[in-house]
Amino acid sequence: MKMFKIYALAVLSLLTMSVACGGDDDTKRPSTPSYEGEELGDISNTWKLVSVNGVEPEFTVYIEFFDGIFYMYQQIYELNYVAYEGNYSVEWNILSGVYTDGSEWKCKYVGELSELGDTLTLTSVEMNPIVNVYEQCEIPQEIIDEVEANTRSVSGFEHHL
């Protein structure tokens, strides 16, 4: 289970910072997003991660999307929540983003909204895709207050990963 946590932390998501990896031209690479399927539509809402590859995560992630900006609050291997923010864009059904420090998300995601719009599924576009399922929710005010209290002396949100 510890390896799962480490793996999930490394690829989570959506939302971890990383740089592109180089390699052999002969190395099999993930396919370029095909933009097939339905257009993702408006994901402006607040969401909670409820499943990673069909398993309930042992960590907590909330994310809010609106007007091309995202705010993410996560509690992974720490007692306190850590906040991230940046910009996101949706092209057909492909979601991508950039943190405020200019670093891109680890990968792009193929997004799908449920018919009722209350579930957002994001599948990473990489060699071994990770399926992250989020449910619509409200971010508890105490989490937002905790993050603000912990970053009060810092101008903006820090990027801790």
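Structure: above.
Residues numbered from 1 in each chain as written. Predicted model: local features only at pLDDT ≥ 70, side-chain atom pairs only at ≥ 80, totals over all residues. Heavy atoms only, no water.

### Notes on the sheet that holds strand 3 (residues 69–75)
Inference 1: Spatially, the 8 strands close up into a barrel ordered 1-2-3-4-5-6-7-8, and their pairing is antiparallel. Direction aside, the axes of adjacent strands within the sheet are offset by 35° on average.
Inference 2: As paired elements, strand 1 (residues 45–52) and strand 8 (residues 131–136) share 5 bridges and run antiparallel to each other. Among the inter-strand pairings, Lys 48 is bridged to a residue of strand 8, identified as Glu 135. (Pairing = 2+ DSSP bridges. Helix = DSSP H or I, 4+ residues; strand = E, 2+ residues; numbered from the N terminus. Axes fitted to C-alpha atoms, helices over the stretch in contact; angles between N-to-C directions.)

### Examining the side chain of Glu 126
Inference 1: Structurally, Glu 126 is set in the loop between strand 7 (119–124) and strand 8.
Inference 2: Here the side chain of Glu 126 touches Lys 106 through a polar contact of 2.5 Å, side chain to side chain.
Inference 3: For Glu 126, the side chain forms a polar contact with the side chain of Ser 124, separated by 2.7 Å. (Polar contact = N/O pair within 3.5 Å; in protein donor to acceptor, adjacent residues only side chain to side chain.)

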